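Each chain is listed here by its residues.
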Amino acid sequence: MPRGVLPIFLVALAMGAIVVLGASDFAAAEPGFSPVQVMPTPPGLPGYGSVSCASATSCTAVAGPGGAGVLVMVTESLGTWGAPVTVALPSGDVTGGLNDVSCPSVGGCVAVGYAVSTLDATQPLIVSEVSGTWGTPIIAAPPPGTPTGANEFAEHSGVSCTSVGNCTAVGSYQGTDGNGQLMVEVETSGSWGATLSLPAATGPSQLPRVSCTSTGNCTVVAGSNSWIETAGTWGTPTLIAPSPGFPYSIFFAADVACSSTTTCIAVGHVSSDRNWQPAAVTATSGTWGSLNLLSTPILSPDTGVSGLGAISCQPTVCVAVGSASNDYGPNQQDYPIAVTWSSGTWSSMGLEDVDPAGAGQRDGSFPTSVACTSAAQCLTIGRAGVYTPSGGPFGVYDFSAVITPVRPVIAPAPPAAVETVPTLSGARVSISPPDDDGGSPITSFTATAAPGSQSCTSAFHECDIPGLVNGRRYVVTASVSNGFASSPPVVSIPFVVGAVPTVPTHLRAALVGDTASISWRASGSPAGEPVLRYIVQAQDDRGGRRECATRVDSCPIGGLVKGRKYIVSVSAVDASGASPLARIQFIAR
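As a convention, each chain's residues are numbered from 1 in the sequence order in which they are written. Totals for whole chains, interfaces and linings use all residues, but because this is a predicted model, local features are given only for residues with pLDDT of at least 70 and pairs of side-chain atoms are given and counted only at 80 or more. Water and hydrogen atoms were dropped before computing side-chain values, which therefore reflect all heavy atoms in the structure.

**Description of the overall build of the chain**
Okay, step 1: Along its length, the chain carries zero helices and 50 strands.
Okay, step 2: Working definition: with a 1.4 Å probe on protein chains only, accessible area under 20% of the residue-type maximum means buried, over 50% means exposed, and in between means partly exposed. Each of the 589 residues in the chain was classed as buried or not, and the buried ones make up 50%.
Okay, step 3: Note that accessible areas follow from Shrake-Rupley with a 1.4 Å probe, and for residues the cover is restricted to the protein chains shown. Accessible area for the chain stands at about 24300 Å²; split by element, carbon and sulfur atoms hold 55% of it. For the purposes of this entry, the term helix denotes a DSSP run of H or I that reaches at least four residues, the term strand denotes a run of E that reaches at least two, and both are numbered from the N terminus.

**Side note on the nonpolar core**
Generally speaking, nonpolar side chains in soluble globular proteins are found buried as a group.
Okay, step 1: Counting 20 residues, the largest nonpolar core has V429, I431, F445, A447, I465, L468 and V476 as the members making the most contacts within it.
Okay, step 2: Contributing elements (two or more residues each) for this core: β36 (426-432), β37 (444-450), β39 (462-465) and β40 (473-481).
Okay, step 3: Note on contacts: a residue pair is in contact if any heavy atoms of the two residues lie within 4.5 Å. Every residue in contact with L468, bar those within four places of it in the chain, is listed here: S425, G426, A427, A449, Q454, Y474 and V497. To qualify as a nonpolar core, a set must consist of buried Ala, Val, Leu, Ile, Met, Phe, Trp, Tyr and Cys residues joined through side-chain atoms within 4.5 Å.

**Overview of unusual backbone geometry**
Okay, step 1: Here F246 and P247 are connected by a cis peptide whose omega angle stands at 10°.
Okay, step 2: With respect to the helices, strands and loops of the structure, P247 is situated in the loop between β22 (238-239) and β23 (252-258).
Okay, step 3: Residue P451 follows A450 across a cis peptide bond; omega there is 10°.
Okay, step 4: Relative to the helices and strands, P451 is located in the loop between β37 and β38 (455-458).
Okay, step 5: For A231, which is not glycine, the phi torsion reads 50° and is therefore positive.
Okay, step 6: Tracing the chain through its elements places A231 in the loop between β20 (225-230) and β21 (233-234).
Okay, step 7: Among the residues examined, A231 registers a relative accessible area of 66% and is labelled exposed.
Okay, step 8: The residue S343 is not glycine, and still its phi comes out positive at about 55°.
Okay, step 9: With respect to the helices, strands and loops of the structure, S343 is situated in the loop between β29 (334-342) and β30 (345-346).

**Quick look at the pairing of β38**
On any regular strand, side chains alternate: one points to one face of the sheet, the next to the other face.
Okay, step 1: Side-chain alternation along β38 places C456 and S458 on a buried face and S455 and T457 on a face that remains uncovered.
Okay, step 2: At least two bridges found by DSSP between two strands are what make those strands a pair. Inspection of the sheet shows β37 paired to β38 by four bridges, in the antiparallel sense. What sits directly across from T446, in β38, is T457.
Okay, step 3: The antiparallel hairpin formed by β37 and β38 contains four residues in its connecting segment, where G452 sits at a positive phi of about 95°.

**Description of the pairing of strand β5 (residues 70-77)**
Okay, step 1: Along β5, six of the eight residues are buried, which leaves the element largely enclosed by surrounding structure.
Okay, step 2: Bridging between strand β4 (residues 58-63) and β5 involves five bridges; their strand directions are antiparallel. Among the inter-strand pairings, A61 is bridged to a residue of β5, identified as V74.
Okay, step 3: Both β5 and strand β6 (residues 80-81) contribute to a ladder of two bridges, which runs antiparallel. Counterpart to E76 in the pairing with β6 is W81.
Okay, step 4: Hairpin geometry of β5 and β6 is characterised by an intervening segment of two residues between the two adjacent antiparallel strands and by a positive phi of about 55° at L78.

**A closer look at the sheet that holds strand β44 (residues 515-521)**
Okay, step 1: Reading across from one edge, β43-β44-β47 is the order of the three strands in this open sheet, with antiparallel pairing throughout. Of all the strands in the sheet, just β43 (505-512) and β47 (554-557) have a single pairing partner and so form its edges. Strand-to-strand twist across the sheet, computed as the mean angle between neighbouring axes with direction ignored, equals 20°. Axes, fitted as lines to C-alpha atoms, cover a helix only where it is in contact. Angles between the N-to-C directions of the axes lie from 0 to 180 degrees.

**Considering the packing of aromatic side chains**
Two aromatic rings are characterised by how far apart their centres lie and by the angle between their planes.
Okay, step 1: Only Phe, Tyr and Trp rings are paired, with Trp represented by its six-membered ring, and only when their centres lie within 6.5 Å; those with planes under 30 degrees apart are stacked, over 60 edge-to-face, the remainder tilted. For the structure shown, the criterion picks out three aromatic pairs.
Okay, step 2: On the numbers, 5.8 Å between centres and 25° between planes, the contact of Y566 with F586 is stacked. Of the two residues, Y566 sits in strand β48 (residues 565-574) while F586 sits in strand β50 (residues 582-587), which places them 20 residues apart along the sequence.

**A look at the state of the cysteines**
Simply put, disulfide is the name for a covalent bond between the sulfur atoms of two cysteines.
Okay, step 1: Note that a disulfide, as used here, is simply two cysteine sulfur atoms within 2.5 Å. Evaluation of the coordinates by the stated rule reveals nine disulfides.
Okay, step 2: Each sulfur in the disulfide pair C258 and C264 lies 2.0 Å from the other. Between C258 and C264 the sulfur-sulfur dihedral comes to about 95°; the bridge is accordingly right-handed.

**Side note on the pattern of salt bridges**
Okay, step 1: Note on definitions: salt bridges are taken to be side-chain nitrogens of Lys or Arg within 4 Å of carboxyl oxygens of Asp or Glu. Following the criterion strictly, the structure yields seven salt bridges and no others.
Okay, step 2: Residue R428 is joined to E462 by a salt bridge in which the shortest nitrogen-to-oxygen separation is 3.7 Å. On the criterion of sequence distance, the pair formed by R428 in strand β36 and E462 in strand β39 is long-range, its members being 34 residues apart.
Okay, step 3: Look at R428 and you get partly exposed, because its relative accessible area is 38%.
Okay, step 4: The residue D540 makes a salt bridge to R564 at a minimum N-O spacing of 3.2 Å.

**So, the sheet that holds strand β25 (residues 276-284)**
Okay, step 1: Strand order across the open sheet formed by four strands is β23-β24-β25-β26, with antiparallel pairing between neighbours. Bordering the open sheet on either side are β23 and β26 (287-293), each of which pairs with just one other strand. Strand-to-strand twist in this sheet, taken as the mean axis angle between neighbours without regard to direction, amounts to 20°.

**Thoughts on the environment of V396**
Okay, step 1: Mapped onto the secondary structure, V396 falls in strand β34 (residues 392-404).
Okay, step 2: Once the C-alpha coordinates of V396 and V386 are considered, the two residues, 10 residues apart in sequence, prove to be 7.3 Å apart.

**Thoughts on the environment of A375**
Okay, step 1: By secondary structure assignment, the location of A375 is in the loop between β32 (366-374) and β33 (377-388).
Okay, step 2: The class for A375 is partly exposed, based on a relative accessible area of 39%.
Okay, step 3: Spatially, the C-alpha atom of A375 lies 7.1 Å from that of P405, the residues being 30 residues apart in sequence.
Okay, step 4: Each residue touching A375, except ones within four places of it in the same chain, is listed here: Q314, T316, V317 and P405.

**Some remarks on the side chain of S117**
Okay, step 1: Looking at the element boundaries, S117 is found in strand β9 (residues 108-117).
Okay, step 2: Overall, S117 belongs to the buried group, its relative accessible area being 10%.
Okay, step 3: Setting aside its immediate chain neighbours within four residues, S117 contacts G92, D93, V94 and Q123.

**Description of the confidence of the model for the chain**
In low-pLDDT segments, the atomic positions of the prediction should not be examined closely.
Okay, step 1: The predictor's confidence in any single residue is recorded as pLDDT, a number from 0 to 100. Residues at a pLDDT of 70 or more form 89% of the chain, whose mean pLDDT is 87.
Okay, step 2: Averaged pLDDT values over the elements of the chain bottom out at 75 in strand β31 (residues 350-351) and peak at 98 in β38.
Okay, step 3: Taken as a whole, residues 1-27 scores under 50 in pLDDT and shows 121 contacts with residues more than four places along the chain or in a different chain.

This is the structure we're talking about:
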């Protein structure tokens, strides 16, 4: 079924109590993920792009380009993936790939994609599985008037079957005018009809996706537009949703799924000049509603670019998957994300790390598809990888993971990091939130200083602890809360509260023979944090150095060489550190 963008696993459950949310708590809960399972490696590099499940124990995934002359499929049975199956392309075709698959029964699937001929023509392709055996692929004829030979460019990108032998395939083709157009091909009682053009829409051509609730009743999305079929008649293209306002674009749909004959949901993103934001729109009885912007919670890992790429629905629950990237930070990563829809409400967004190369690697993983078999179970597939700054995500293996649309809520993982900045009589504390929020958004974090019990709590990334003693050494423990439980704490490195002294002023140098008596006006320092010492350094123009340290406001520097130029610096030091330097220069006489 749907393909899109994501990789995911469920971080090991922390010790402690677990609560299962009821329907009234649904909006707070997030999808949960089983540990990822490595899928069999397909021939060719792109990996598996779409998955469909006929039951909770039988799923089929299809791959993109499968190498010279073959298409690639793989089936999971009772939780175990079998060996990839290859099907030869029709005679005269040299390469091809599958973009989508729909399985209305166990052992009965339909996959669609494309094939490239020896004449360099790209043609739409359909291949069916009957009783567990894949048949010979067929090349679909594009709509009349399509260029032929090397100028032909057409492919199917989506398929939806309501029962065995009753499917709808959609795709795109390049017309004689060079513009992209959409096409649809319908199978009825096992026979495929002619490929027809969908009514033309304005805007750039996009690969379409389709979801059908019954034969002759389907919804297609492509880019910003949708086409709705009612009783076998296709309506004119309709804008799904306008821009939510500056600085965002109009909504761009990546996939669509229908939970009932009256409810369909399109997922995708809106974009600005700096980022994407996940978004969804629900159609009720053929009319699109308002745009839902699905923001990441405030206290979640920094994400700058994100979107949803696939969705699958059961009558009461839908799960959408996608990816989020913190492209604007120093440690770029691509995170898998997932959200659940139920009774018109979206859950909070879950972010998960796959870390295929081991702990400490920058995740570059993403999902490609999701298929739900019940309100309690879905399966996602994707590409697990690491992020390389020079080339972006680099795939390591294909994976699958079972998704629980509503995971139990537990204590979140501890903050990824805690940092402190000493201030006068206090400290500013900031945290990096954890990737695993325990199943519900992190609502706050609390920091406590020791010794003592001074603390602060914030719904944002930082807060200020007041009432600390200047000059005293402290550590801070920080934990986050998701409203159900608090995480284990993390401890900061030790720090000293207060401030460095002010710069010494009124520097003077009194020269007597080969000695200079350096004096200054005493520096100021915070109450309770006295100046511990002054450091005086003298450097001549040939690199020679002299130094002295004192607790008072003067210090002699001896051994000076007549005629040399000296630069003298003085700094005051307290428990918090050293002041900026004060300088004076002279020539020894």
